[in-house]
Amino acid sequence: MRTYRHALAGDQTTIHALESAEDVETARRWLKEVQPRSLALDTETTGLDTFSRSHRLRTVQYGTGDTAWVVPVEQGPAFAELARTVVTACPELVIHNAAYDLLVQDRHGVAPLESVAPRVRDTKILAHLCDSRQDFEGGVGISLKPLSAWYVDPSAPDTQAGLTQVFRSYGLTKDTGWAHIPYADETYQRYAGLDVLLTYRLRPHLERELKRHNIPDHLVEFEHRLMAICAGMERRGMLLDVPYTEGLVDRLEHDRAQSAEVAARYGVENVNSDRQVAAALQGMGERWEERTRGGALSVAKEVLLPMADLSDRWERLEVRTPNPLADAVLRARRAAKWRTTYAQAMLTSRDSQDRIHPKVNTLGARTARASVSDPPLQQLPSKGWEIRRAIIAEPGRAYFSVDQSSVELVVLAALSQEPRMCQAIRDGRNLHDHTATLMFGDGFTRYQRGLAKVAGLGTSYGGGPATLAKQTGLAVDVMRDTLTRYARAYPGIKRWARGLQSHALRNGCEIRTASGRRLVLDRDKTYAAVAYICQSTARDTMGQALLDLHAKGLDQYLNLWVHDEVLGTAPEGDVAAIAQEVADVVRMDLFGVPIGTDAAVYGRTWAGGYDLPAAWSV
């Protein structure tokens, strides 16, 4: 057994790295003598792709604030059995980013997710509830290293940085190092043990912060239960149509090459060269003001979309003649991204049953809005079917979707209690039509209805005239007039928004959601209060729906949570009834305003709900 010493916050701590069967017995004796009621826990693996065929669990480490034990489960059953004893028998486990470690242990036979999750306290969840800002946003951060430096010991060594150098000494990279660094390497063993010591010591600091900020206990429990439900969805995963996806890789490369060829006709040899793209667009007569941090003209997606007469959903705006170069650059870049980020990544990360397992980060944003990664499926365009077609149901099953109807606007109405909007929702009226009538009269046009929709969503997400103009390609004056009309149509929203901002300024730029969540605003952006509280509240309504679905056993059908939608599969003969049952549970009232739901059956592929051409059906 190798033993290392570390000084943390003035205390001497110990890390034991086990090497033999005798070491295992020593570790077991410590457990019997100390009988800890709570242990910090962590794992080291070969990578973050938990369900890929090559993924391995290397070590399980546990300990208190002064003693850590590193157990090399990869080296035999005696070590694995010790880890299993700790995980299954300890009354409480403290883990940072618990979803990952719980799924790793479930996947590799240490302990089932369902038996461990109720006994876990996740310091990442606690940190997010204290202050959801990252360290570069003015907060402490939610990662273990910045949190430890702030609360535990600012001089605690960053062994991960040291590991990068060690990887190089073995001829390894960041990608291959975790799998191939020898277990006996001292830096690797210290890294494993130190994270346990820091996590254990971090927890009491965060719990004091929760009390100081009056974060309710029910919100802490809510987030832990939601984390476990979404971990279950990640484990369930979704079946990949491998032949289709392999063909998609080739088709996307063809699309990229075609669009790049178009760009080359306008003098752009490299669509990823901002300088070339900007110069060519200027030569075509385009003029714009957006610049990068370095002062160069920006040719980012949000700049090129209006030039190509496209909305941020890649729908034709019909407000100008599309610039062919901007269109070609956008399409070339998108095809390249889709090829690597989606098609190729799904093929690489699929498990032995050809299933992919997207990760749902239940606290993906400052507002607590969830995000999806590996692959980032929430970033797919709302009208696109090509990537979604790669996801298919098992034989005899079909995909269904349930989403909350216009949840952003319903939440805006419920929080502001704007009487006209609330009544229209209660009456079941089409809210965009109703708003357009208030803004432009009974004879509103389709174009004016679109403006009413943009104004509503822009108000709920804090978009001013300039921001909405960029997103739509319309003139700033048009968007300013649109927002003015919207404010006149719903005066209660403007009064509520002003009151919310004033409250934030009086309370240190802090606002609270109905669930008790603490949201800290940037001092120069208190106008974002409406966007933050609407987005956070909308997220919590779907989070509560997931808890309600779990209570009824319906979460067994769910595969993914994307913003205001849940996606699932069910037997073909029952899918319509199950989808409706899920919709009935998701439907709820928020301060007297109903949040409606829409249920749809997609068929054998997720793309069945996205205008899938018949030629590409499963």
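Residues numbered from 1 in each chain as written. Predicted model: local features only at pLDDT ≥ 70, side-chain atom pairs only at ≥ 80, totals over all residues. Heavy atoms only, no water.

S.K.: What's the story with the overall build of the protein in this structure? I'm lost.
M.R.: Counting its regular elements, the protein contains 23 helices and 20 strands. Relative to its length of 618 residues, the protein is compact, with a C-alpha radius of gyration of 26 Å against a globular reference of 25 Å. Split into buried and exposed, the 618 residues of the protein put 54% on the buried side. Long-range pairs, those at least 24 residues apart, make up 67% of the contacts in the protein with a sequence separation of at least 6. (Helix = DSSP H or I, 4+ residues; strand = E, 2+ residues; numbered from the N terminus. Rg over C-alpha atoms; globule rule 2.2 N^0.38 Å. Buried < 20%, exposed > 50% of the residue type's maximum accessible area, 1.4 Å probe, protein only. Contact = heavy atoms within 4.5 Å.)

S.K.: Can you help me understand the pairing of strand β17 (residues 565–571) in this one?
M.R.: Every regular strand shows the same layout, with side chains that alternate between the two sheet faces. Burial within β17 is extensive, with six of its seven residues counted as buried. In terms of strand pairing, strand β13 (residues 397–404) meets β17 through seven bridges, oriented antiparallel. Counted as the bridge partner of Tyr399 is Thr569 from β17. The sheet contact formed by strand β16 (residues 558–562) and β17 spans four bridges and is antiparallel. Note that in β17 the partner of Val562 across the bridge is Glu565. Connecting the antiparallel pair β16 and β17 is a turn made up of two residues, with His563 showing a positive phi of about 55 degrees. (Pairing = 2+ DSSP bridges.)

S.K.: Mind showing me how you'd approach helix α6 (residues 144–151) here?
M.R.: Because an α-helix completes one turn every 3.6 residues, residues spaced three or four positions apart along the sequence face the same direction. Where α6 is concerned, the buried positions are Leu144, Leu147, Ser148 and Tyr151. Buried residues of α6 fall within an arc of 100 degrees about the axis and therefore sit on the same side. (Arc of directions from axis to C-beta.)

S.K.: Please explain the nonpolar core as it appears in this structure.
M.R.: The nonpolar side chains of soluble globular proteins are, as a tendency, buried together. The biggest cluster of nonpolar side chains holds 185 residues, and the ones touching the most others in it are Tyr62, Phe400 and Trp561. Sorting elements by how many residues they give to this core places helix α22 (residues 529–551) first, with eleven residues. Once residues lying within four places of it in the same chain are set aside, the contact partners of Trp561 are Leu226, Cys230, Met233, Val360, Thr362, Ala370, Val372, Arg539, Met542, Gly543, Leu546 and Val566. (Core = buried A, V, L, I, M, F, W, Y, C linked by side-chain atoms within 4.5 Å.)

S.K.: What am I meant to see in the environment of Glu386 here?
M.R.: Secondary-structure assignment places Glu386 in the loop between β11 (371–373) and β12 (391–392). Note: C-alpha distance between Glu386 and His96 (290 residues apart in sequence) is 36 Å. Setting aside chain neighbours within four positions, we find Glu386 in contact with Tyr244, Leu248 and Trp338.

S.K.: Looking at this model, I keep getting lost on the sheet that holds strand β1 (residues 2–8). Mind explaining?
M.R.: Across a sheet, paired strands are connected by hydrogen bonds in the backbone, their directions being either parallel or antiparallel. On the basis of which strands lie adjacent, the open sheet formed by seven strands has the order β1-β2-β5-β4-β3-β6-β7 and mixed pairing. The open sheet has two free edges, formed respectively by β1 and β7 (120–122), since each of these has just one partner strand. Mean inter-strand twist for the sheet, computed between neighbouring axes without regard to direction, equals 25 degrees. Note: strand β6 (residues 92–95) against β7, three bridges, orientation parallel. Opposite Ile95, over in β7, you have Asp122 as the bridge partner. Across the sheet, helix α1 (residues 21–34) lies against β3 (38–45), β4 (57–63) and β5 (67–71), angled at about 140 degrees from β5, the strand it touches most. Those strands touched by helix α2 (residues 77–89) are β3, β4, β5 and β6, and its axis lies near 45 degrees from that of β4. (Axes fitted to C-alpha atoms, helices over the stretch in contact; angles between N-to-C directions.)

S.K.: What am I meant to see in the pattern of salt bridges here?
M.R.: Charged atoms that come close allow side chains of opposite charge to pair. In total, this model carries 36 salt bridges according to the counting rule given. For the salt bridge of Arg121 with Glu221, the shortest nitrogen-to-oxygen distance reads 2.1 Å. A residue pair is termed long-range when its members are at least 10 positions apart, and Arg121 in strand β7 and Glu221 in helix α10 (residues 217–236) qualify at 100 residues. Overall, the relative accessible area of 16% leaves Arg121 in the buried class. The class of Glu221 is partly exposed, set by a relative accessible area of 37%. With its nearest N and O atoms 2.8 Å apart, the salt bridge here joins Arg350 to Asp354. (Salt bridge = Lys/Arg side-chain N within 4 Å of Asp/Glu carboxyl O.)

S.K.: Looking at this structure, how should I read the side chain of Thr537?
M.R.: With respect to the helices and strands, the residue Thr537 is situated in helix α22. You can call Thr537 buried: its relative accessible area is 5%. A distance of 2.6 Å separates the side chain of Thr537 from the backbone oxygen of Ile533, its partner in a polar contact. Beyond its immediate chain neighbours, meaning those up to four positions away, Thr537 contacts Val411, Leu415, Thr513 and Leu590. (Polar contact = N/O pair within 3.5 Å; in protein donor to acceptor, adjacent residues only side chain to side chain.)

S.K.: So what exactly am I meant to see when it comes to the sheet that holds β12 here?
M.R.: Judged by pairing direction, the sheet is antiparallel, and its three strands sit side by side in the order β9-β8-β12 without closing on themselves. The two strands at the open ends of the sheet, each matched to only one other strand, are β9 (355–356) and β12.

S.K.: Would you mind showing me how to read the state of the cysteines here?
M.R.: What is meant by a disulfide is a covalent connection between two cysteines, made through their sulfur atoms. Enumeration over the complete set of coordinates arrives at zero disulfides. Between Cys534, a cysteine without a disulfide, and Cys422, which holds the nearest cysteine sulfur, the sulfur-to-sulfur distance is 12 Å. Given a relative accessible area of 2%, Cys534 falls into the buried group. (Disulfide = S-S within 2.5 Å.)

S.K.: What's the story with the packing of helix α15 (residues 407–416) against α22 in this structure? I'm lost.
M.R.: If you want to describe how two helices pack, look at the angle between their axes and the distance between the axes. At a minimum axis distance of 9 Å, the contact between α15 and α22 shows a crossing angle of 110 degrees. By the criterion of interaxial angle, the relationship of α15 to α22 is roughly perpendicular. Judged by the twist between their axes, the crossing of α15 over α22 is right-handed. Between α15 and α22, the contacting residues are Val407, Val411, Leu412 and Leu415 on the first element and Val530, Ile533, Cys534, Thr537, Ala538 and Thr541 on the second. (Parallel < 35°, antiparallel > 145°, perpendicular 65-115°, else oblique. Left-handed = near helix turned anticlockwise from the far one by under 90°.)

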